[in-house]
Amino acid sequence: MKLIDGKATSAQIKEEIAIEVKNLKKKGLKTPHLAAVLVGTDGASMTYVNSKVKACEKVGFNSTLIDLPEDTTEEQLLHEIDLLNKDADIDGFIVQLPLPKQIDEQKVLMAVDPNKDVDGFHPTNVGKMTLEIPTFLPATPFGIMELLERYEIETSGKNVVVIGRSHIVGRPMSILMSQKRKAGDATVTLAHSRTKNLKELTLQADIVVVALGVAEFLTGDMVKEGVTIIDVGITRLPDATKKRGYRLAGDVDFESVSKKAGYITPVPGGVGPMTIAMLLKNTLLAVTKNFS
Ligand code: GUN
């Protein structure tokens, strides 16, 4: 079993980005500037947004955090988005999800200028991704594709089962891996809560991407020997033995699955750090337009 080290790979990608930023600056070009909008005080969201802002500093980007109260109205948030769309110094921005219930998420995502949509959530960018027109790819799927490529995991003609059909991870993963591209050309099955014969499907899979948000869902008896496992889940489970009161668990029962896997991403230190690195990559692309 080999661990797919997302922490080390993301550090390497950040180094590559930092070099590109230095080159941009040397040429007198613009320093990339990412803004993040956080509404409310959800613990996990605050942690993620702070990590994103800190990562910007590390690669030499400028960053702005817009911190809005829990009771922000949809109109107020749309106004902030309008300001970011019009601000020439901001190259890209994200609105951290989930949003408080008084705000219509779809309306908000539609309001983001697709050219600054470094999350790749706007319908224009989802459409471009689907049609294989170069654009911003959502950061988590982008990070997984990058891991598969850098670890040279064969995907062509392989059976891939993606568990979970979220707009942010499962659905785009299923689209990307079925495309004619690097880490693509796979035969993809998108499984979800209504799937009836999941174990039958996962036992046939060469690669399983688990993104349903249920801690330790995938167990060793559900996979074949030599399988590649990509674990997107990250759940806080109460744990009194830990100082912070919780431990982080993935969607995969690492103990049993790692005994059979050829490759596996750990939690933490697998997919998570890649998401941030690819958000930075998208912000750089917003400046250079050097999509490949
Ligand atoms: N919430 C969970 N994942 C993400 C993400 O990739 N981007 C944003 N904006 N919110 C999220």
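Relevant structure appears above.
Chains are numbered independently. Their residues run from 1 in the order of the written sequence. It should be noted that, the model being predicted, local features are given only for residues of pLDDT at least 70 and side-chain atom pairs only at 80 or more, the latter also being counted only at that level, while totals for whole chains, interfaces and linings use all residues. Based on all heavy atoms of the structure, the side-chain values leave hydrogens and waters out of the count.

Peer 1: Whenever I open this one, the pairing of strand β5 (residues 159-163) confuses me. Can you help?
Peer 2: Look at any regular strand and the pattern is simple: side chains alternate between the two faces of the sheet. Think of it in three bands: with a 1.4 Å probe and only protein chains considered, a residue is buried below 20% of the maximum accessible area for its type, exposed above 50%, and partly exposed in between. Comment: elements are numbered from the N terminus, with helices defined as DSSP H or I runs of at least four residues and strands as E runs of at least two. Most of β5 sits out of view: four of its five residues are buried. DSSP bridges decide pairing: two strands pair if at least two such bridges lie between them. The pairing of β5 with strand β6 (residues 187-191) spans five bridges and is classified as parallel. Along β6, the bridge assignment pairs I163 with A191. Taken together, β5, helix α7 (residues 170-178) and β6 constitute a β-α-β crossover, and its handedness is right-handed. Two elements, β5 and strand β7 (residues 207-210), share four bridges in a ladder whose sense is parallel. Here, the term right-handed applies to a crossover whose path from the first strand over the helix to the second runs clockwise when the strands point away from the viewer.

Peer 1: Would you explain unusual backbone geometry in this entry?
Peer 2: Peptide bonds are mostly trans, and most non-glycine residues show a negative phi. With omega at 0 degrees, the peptide bond leading from L97 into P98 counts as cis. For the peptide bond that leads from V267 to P268, omega is -5 degrees, which places it in the cis range. Following the sequence through the fold, P268 ends up in the loop between β11 (263-264) and α10 (271-288). For E132, which is not glycine, the phi torsion reads 65 degrees and is therefore positive. Tracing the chain through its elements places E132 in the loop between α5 (123-130) and α6 (139-150). Taking relative accessible area as the criterion, E132 reaches 45% and is therefore assigned partly exposed. Despite not being glycine, E152 has its phi angle at roughly 50 degrees, a positive value. Among the secondary structure elements, E152 is positioned in the loop between α6 and β5.

Peer 1: What is the right way to read the site of the ligand from this model?
Peer 2: Any residue with a heavy atom lying within 4 Å of a molecule or strand is counted as near it. Close contacts around the ligand come from K52, V95, Q96, L97, D119 and F121, and that covers them all. Under this definition, polar contacts are N or O atom pairs within 3.5 Å; protein pairs additionally need one hydrogen-donor-capable and one acceptor-capable atom, and for neighbouring residues in sequence, both atoms have to be side-chain atoms. With respect to the ligand, the backbone of V95 contributes an N or O atom lying 2.9 Å from a nitrogen atom. One nitrogen or oxygen atom from the side chain of D119 is found 2.6 Å from a nitrogen atom belonging to the ligand. All accessible-area figures derive from a Shrake-Rupley calculation using a 1.4 Å probe, and residue coverage is judged against the displayed protein chains alone. For the ligand, the protein covers 82% of the area, taking 280 Å² as the surface of the free molecule.

Peer 1: Looking at this structure, I do not really get the pattern of salt bridges. What am I missing?
Peer 2: When charged atoms on two side chains of opposite charge get close, those side chains can pair. Throughout this description, the term salt bridge denotes a Lys or Arg side-chain nitrogen within 4 Å of a carboxyl oxygen of Asp or Glu. Scanning the entire structure with this criterion turns up 10 salt bridges. K107 is the salt-bridge partner of E74, the closest N and O atoms lying 3.0 Å from each other. Of this pair, E74 sits in helix α3 (residues 74-86) while K107 sits in helix α4 (residues 105-111), and the two are 33 residues apart along the sequence. The exposure class assigned to E74 is buried, which follows from its relative accessible area of 16%.

Peer 1: What should I look at first to understand the side chain of T283 in this one?
Peer 2: Residue position: T283 is located in helix α10. Owing to a relative accessible area of 0%, T283 belongs among the buried residues under this scheme.

Peer 1: Would you take a moment to explain the packing of α6 against α7 for this structure?
Peer 2: Helix packing for two helices is described by the angle between their axes and how far apart those axes are. Angular values range over 0 to 180 degrees, each being the angle between N-to-C directions of two axes fitted as lines to C-alpha atoms, with helices fitted over their stretch in contact. It is the contact of α6 with α7, at a shortest axis distance of 9 Å, that shows an interaxial angle of 40 degrees. In this view, α6 runs oblique relative to α7, as classed from their interaxial angle. The element α6 and its partner α7 pack so that their crossing is right-handed. Note on element contacts: α7 touches α6 through P172, M173, L176 and M177, opposite P141, I144, M145 and L148. A class-by-class count of the residues in the contact of α6 with α7 yields eight nonpolar, no polar and no charged. These descriptions rest on fixed angle ranges, namely under 35 degrees for roughly parallel, over 145 for roughly antiparallel, 65 to 115 for roughly perpendicular, and the rest for oblique. Crossing handedness: left-handed means the near helix sits turned counterclockwise from the far one by under a right angle, and right-handed means the same turn made clockwise. For this analysis, residues touch if any pair of their heavy atoms sits within 4.5 Å. In this count, Pro and Cys sit with the nonpolar residues alongside Ala, Val, Leu, Ile, Met, Phe, Trp and Tyr, while Asp, Glu, Lys and Arg are called charged and the others, Gly among them, polar.

Peer 1: Honestly, the packing of helix α2 (residues 43-59) against α10 in this entry has me stumped. Any pointers?
Peer 2: Where α2 meets α10, the closest approach of the two axes is 10 Å, and the angle between their N-to-C directions is 60 degrees. On the basis of the axis angle, α2 is oblique to α10. Considering how the two elements wind past one another, α2 and α10 form a crossing that is right-handed. Contacts between α2 and α10 involve S51, K52, A55, C56 and V59 on the former and, on the latter, I276, L279 and L280.

Peer 1: Which parts of the structure should I look at to understand α10?
Peer 2: Along an α-helix, a turn takes 3.6 residues, which lines up residues three or four apart on a common side. The end-to-end C-alpha distance of α10 is 25 Å, a good match for the 26 Å that 18 residues give at a rise of 1.5 Å each. At the exit of α10 stands K289, carrying a positive phi of roughly 55 degrees. Here, expected helix span is obtained from the residue count minus one, scaled by 1.5 Å.

Peer 1: Help me understand the packing of aromatic side chains, please; the structure alone is not making it clear to me.
Peer 2: Aromatic ring pairs are reported here in terms of the distance separating the ring centres and the angle at which the planes meet. To pair, rings of Phe, Tyr and Trp, with the six-membered ring standing in for Trp, must have centres within 6.5 Å; the planes then decide the type, stacked if under 30 degrees apart, edge-to-face if over 60, and tilted in the middle. According to the stated counting rule, one finds two aromatic pairs in the structure shown. Ring geometry for F136 versus F291: centroids 5.4 Å apart, planes at 70 degrees, classification edge-to-face. Of the two residues, F136 sits in the loop between α5 and α6 while F291 sits in the segment after α10, which places them 155 residues apart along the sequence. Overall, F291 belongs to the partly exposed group, its relative accessible area being 27%. Taken together, a centroid distance of 6.4 Å and an interplanar angle of 75 degrees make the contact between Y151 and Y263 edge-to-face. Separated by 112 residues along the polypeptide, Y151 in the loop between α6 and β5 and Y263 in strand β11 bring together distant segments of the chain.

Peer 1: Would you mind going over helix α1 (residues 6-26) with me for this structure?
Peer 2: Here α1 is 21 residues long and its end C-alpha atoms lie 30 Å apart, about the 30 Å a rise of 1.5 Å per residue gives. Of all the residues in α1, the buried ones are G6, T9, S10, I13, K14, I17, A18, V21 and L24. Among the structural elements, α2, α6 and α10 are those in contact with the buried residues of α1. The opening residue of α1 is D5, an N-cap whose side-chain oxygen sits 3.1 Å from the backbone nitrogen of K7.

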